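The residues making up each chain are set out below.
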Amino acid sequence: MTGPATGHSESESTAPQTTPPAGASLVIWLLVGSAFVMILNETIMSVALPALIADLGITVSTAQWLTSGFLLTMAVVIPITGFLLQRFPPRRVYLTSMLLFSTGTLVSALAPGFPMLLAGRIVQAAGTAVMVPLLMTTVMRLVPAERRGATMGTITIVIAVAPAVGPTLSGIILSALDWRWMFWIVLPIALIAFAAGARWLQVAAEVRPVPLDLGSVALSALGFGGLVFGLSSVGDAARGHALVTPWAPTVVGLVALALFVARQLRLQGDGNALLDLRPFAHRPFVLAMVLVVLSMMSLFGVLILLPLYLQDVLHVSAFVTGLAVLPGGLAMGLLGPVVGRLYDRLGPRRLVIPGAVVLTVALWAFTTLGAGSPLWMIIAFHVVLVLGISLMLTPLMTDALGRLPRHLDSHGSAIMATLQQVAGAAGTALFITVMAVASTEITMGTDVAGARAAFMVAAIIATVALPLTFLIGARKEAAASGGS
């Protein structure tokens, strides 16, 4: 329930929620709105890269790090959020997150050159990384089990729609204004959200003085950072523009992750793990996470493939490219709450299986595109693909977190958010690499052969994952009140 309007009431221990608190809707919508604005920045730079390259005098490979660096920072910071959400009350975590994001936005808007712009993006990402786990954990605490599907459907707008809307917004702004306005427009919105949180965000939560294991932090940063850095460099390596060979940071990341896991297993017995891995002991959580990762790979992969295909093969403008992906983003936004309510009534199985079938069919349809394919057909395929992902994401995420005991909520949210970022980087790297290798022309972009090959790989992954959906439970369960 919402606490009194004091700065310390949040830290008081509270019993598990059985009914939504009076201010729960206001709190959740405040978090949803803030997270939407923040996650929008993951992809808002994609259409702006040509303008940045010309204005700042940098190369394409350098400019790409404005997006890759954002994802890299997210992957490094998110694992720490499990500790933060146990150690500090939600209000303090929220205000710190918004302060970091606002500071990074201001630095980016004032940046005279690339180094300062990249620094601003990194600070932005540090604030963004905390917001999604905070949002999911708050929902699990405030919303009763029978209404979580509808609420998580709203969160789908944040997680899946914001990255899709980013390129559209970027194209609209750049058609009339300088690239710095992408930050100047966002800054007042972020400051308003900060002020609103300071005024109204009062969420009771049980916190405890959990020690911060610096060794785990270092291994987490090296592991997740190395893995995302390596995956993000694969596409550049295929084109001969990588700063380092991608296999070196990838191997270092995998070794560090193995050491990180071993350390967490040792520390979690005393409750001192940076990221408690006990959610992986719950089979429904593991199965849902596998399917969420594959879905996010498809989503981020197509978000990268479509702009390249539209601009390099069909030769449409960046503005038209942004508009072309907008219907899919809007469709996902409209479907999120609807799918959430259906989940509350039907459970996950009867939504996830049809969603996986639709996703697979849509990806195979993309493999038929050619140099003369009409734009309306591509938009239609994209909307169908979004329909499939929408039917999968909300039920999977809700079911995964709903099966966990309450004391693992924050760690389950952090694990989910981390794997989504790694999946996005992996999908992007995989599909760009396939495009680069399969393209018959020596070009910085792609051609029909490269695009078809990349879509083919995505379709094969979806086909292989399809049988896993039949293992999803028929009905949802609320494990928050359970023990293990």
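Residues numbered from 1 in each chain as written. Predicted model: local features only at pLDDT ≥ 70, side-chain atom pairs only at ≥ 80, totals over all residues. Heavy atoms only, no water.

Looking at the overall build of the protein
- Tallying secondary structure elements over the protein gives 19 helices and zero strands in all.
- Scored against the burial criterion, the 484 residues of the protein give a buried share of 58%.
- A separation threshold of at least 6 residues defines the contact pool for the protein, and within that pool the share at least 24 residues apart is 84%.
- Accessible surface, the protein: about 18,000 Å² in total, of which carbon and sulfur atoms supply 71%. (Helix = DSSP H or I, 4+ residues; strand = E, 2+ residues; numbered from the N terminus. Buried < 20%, exposed > 50% of the residue type's maximum accessible area, 1.4 Å probe, protein only. Contact = heavy atoms within 4.5 Å. Areas by Shrake-Rupley, 256 points an atom, 1.4 Å probe, with all protein chains shown as cover.)

Digging into the environment of Gly 329
- Relative to the elements of secondary structure, Gly 329 occurs in helix 15 (residues 326-346).
- In this structure Gly 329 comes out as buried when scored by relative accessible area, which is 3%.
- Between the C-alpha atom of Gly 329 and that of Val 383, which follows or precedes it by 54 residues, the distance is 8.2 Å.

Here we look at empty space enclosed by the protein
- Throughout the structure, instances matching the rule amount to five cavities of 30 Å³ or more.
- What the largest cavity holds in volume is close to 110 Å³.
- Forming the walls of the largest cavity are 15 residues, and the residues nearest its centre are Ile 39, Glu 42, Val 132, Gln 420 and Gln 421.
- Elements with a contribution of two residues or more to the lining of the largest cavity: helix 7 (114-142), helix 8 (148-174), helix 13 (283-312) and helix 18 (409-438).
- Counting residues per element, the lining of the largest cavity draws most heavily on helix 7, which supplies four residues. (1 Å grid on protein atoms, 1.4 Å probe; cavity = no way out; pocket = protein on both sides within 12 Å on 5 of 7 lines; lining within 4 Å. Points joined across faces, edges and corners; volume = space filled by probe spheres on them.)

Topic: the nonpolar core
- Judged by nonpolar contacts, the single largest core of 122 residues is most densely connected at Tyr 94, Leu 363 and Phe 366.
- Ranked by the residues each element gives to this core, the list is headed by helix 13, at 16 residues.
- Excluding its chain neighbours within four sequence positions, the residues that come into contact with Leu 363 are Ser 298, Val 302, Leu 385, Phe 455, Ala 458, Ala 459 and Ala 462.
- Listed in part, the 18 residues of the second largest apolar core include Ala 63, Trp 65, Leu 117 and Phe 183. (Core = buried A, V, L, I, M, F, W, Y, C linked by side-chain atoms within 4.5 Å.)

Describing the packing of aromatic side chains
- Throughout the structure, instances matching the rule amount to four aromatic pairs.
- With centroids separated by 6.4 Å and ring planes inclined at 90°, the aromatic side chains of Trp 179 and Phe 183 adopt a geometry described as edge-to-face. Phe 183 shares its class with Trp 179; the two are buried.
- Plain terms: the ring middles of Phe 366 and Phe 455 are 4.8 Å apart, the flat faces sit at 15° to each other, and that makes the pair stacked. Of this pair, Phe 366 sits in helix 16 (residues 349-366) while Phe 455 sits in helix 19 (residues 448-465), and the two are 89 residues apart along the sequence. (Phe/Tyr/Trp six-rings, centres within 6.5 Å; stacked < 30°, edge-to-face > 60°.)

With respect to the pattern of salt bridges
- A full pass over the atoms with the stated rule returns four salt bridges.
- In this structure, Asp 178 and Arg 180 form a salt bridge, with 3.8 Å as the shortest nitrogen-oxygen distance.
- Residue Asp 178 is classed as partly exposed on the basis of its relative accessible area of 35%.
- Ionic pairing is found between Arg 263 and Asp 213, a salt bridge with its closest N-O pair at 2.6 Å. Of this pair, Arg 263 sits in helix 12 (residues 247-267) while Asp 213 sits in the loop between helix 10 (186-200) and helix 11 (214-238), and the two are 50 residues apart along the sequence.
- Because the salt bridges share partners, they merge into one network encompassing Asp 55, Asp 178 and Arg 180. (Salt bridge = Lys/Arg side-chain N within 4 Å of Asp/Glu carboxyl O.)

Some details on the packing of helix 15 against helix 17 (residues 375-402)
- Orientation of helix 15 relative to helix 17, taken along the N-to-C sense of each, is 35°, at an axis distance of 8 Å. Every pair of crossing elements has a handedness; the one defined by helix 15 and helix 17 is right-handed. In this structure, helix 15 uses Pro 327, Gly 328, Ala 331, Met 332, Leu 335, Gly 336, Val 339, Gly 340 and Tyr 343 to contact helix 17, whose residues at the interface are Ile 379, His 382, Val 383, Val 386, Leu 387, Ile 389, Ser 390, Leu 391, Thr 394, Pro 395, Thr 398 and Asp 399.
- A class-by-class count of the residues in the contact of helix 15 with helix 17 yields 13 nonpolar, seven polar and one charged. (Axes fitted to C-alpha atoms, helices over the stretch in contact; angles between N-to-C directions. Left-handed = near helix turned anticlockwise from the far one by under 90°. Nonpolar A, V, L, I, M, F, W, Y, C, P; charged D, E, K, R; others polar.)

Notes on helix 19
- The terminal C-alpha atoms of helix 19, which comprises 18 residues, lie 26 Å apart, in line with the 26 Å expected from a rise of 1.5 Å per residue.
- Those residues of helix 19 not exposed but buried are Gly 450, Ala 451, Ala 454, Phe 455, Ala 458, Ala 459, Ala 462 and Ala 465.
- Among the structural elements, helix 13, helix 16 and helix 18 are those in contact with the buried residues of helix 19. (Expected span 1.5 Å × (residues − 1).)

Side note on a nonpolar patch on the surface
- A contiguous nonpolar surface patch, about 680 Å² in accessible area, is contributed by Leu 106, Leu 110, Met 116, Leu 177, Trp 181, Trp 184, Ile 185 and Ile 189.
- For the nonpolar patch, the secondary-structure elements that each account for two or more residues are helix 6 (90-110) and helix 9 (181-184).
- Considering the arrangement of structural elements, one finds Met 116 in helix 7.
- What makes Met 116 partly exposed here is its relative accessible area of 34%. (Patch = residues over 30% accessible without salt bridge, like charges linked within 9 Å, V, L, I, M, F, W, Y side chains within 5 Å.)

As for the environment of Leu 134
- With respect to the helices and strands, Leu 134 occurs in helix 7.
- Excluding residues within four positions of it along the chain, Leu 134 makes contact with Leu 31, Leu 85, Pro 90, Val 93 and Tyr 94.

Some words on the packing of helix 16 against helix 17
- As a packed pair, helix 16 and helix 17 sit with axes 8 Å apart at the nearest point and diverge in direction by 155°. Between helix 16 and helix 17, the crossing angle belongs to the class labelled roughly antiparallel. The chirality of how helix 16 crosses helix 17 is left-handed. Across the interface between the two elements, Leu 351, Val 352, Pro 354, Gly 355, Ala 356, Val 358, Leu 359, Ala 362, Leu 363, Ala 365 and Phe 366 of helix 16 pack against Ile 378, Phe 381, His 382, Val 384, Leu 385, Leu 387, Gly 388, Ile 389, Leu 391, Met 392, Pro 395 and Leu 396 of helix 17.
- Here the residues of the contact of helix 16 with helix 17 sort into 20 nonpolar, three polar and no charged. (Parallel < 35°, antiparallel > 145°, perpendicular 65-115°, else oblique.)

Focus: unusual backbone geometry
- The backbone of His 315 shows a phi angle near 60°, a positive value even though the residue is not glycine.
- Tracing the backbone shows His 315 in the loop between helix 13 and helix 14 (318-324).

A few points about the side chain of Ser 34
- With respect to the secondary-structure elements, Ser 34 resides in helix 1 (residues 24-40).
- If near-sequence neighbours (up to four positions away) are discounted, Ser 34 is found in contact with Tyr 94, Met 98, Met 131 and Ala 193.

Details of the confidence of the model for the protein
- Counting all residues, the mean pLDDT for the protein is 79, and 85% of those residues have values of 70 or more.
- Long-range and interchain partners of residues 1-22, a stretch whose pLDDT sits below 50, account for 42 contacts in this model, where long-range means more than four residues apart.
- Long-range and interchain partners of residues 476-484, a stretch whose pLDDT sits below 50, account for 26 contacts in this model, where long-range means more than four residues apart. (pLDDT = per-residue confidence, 0-100.)

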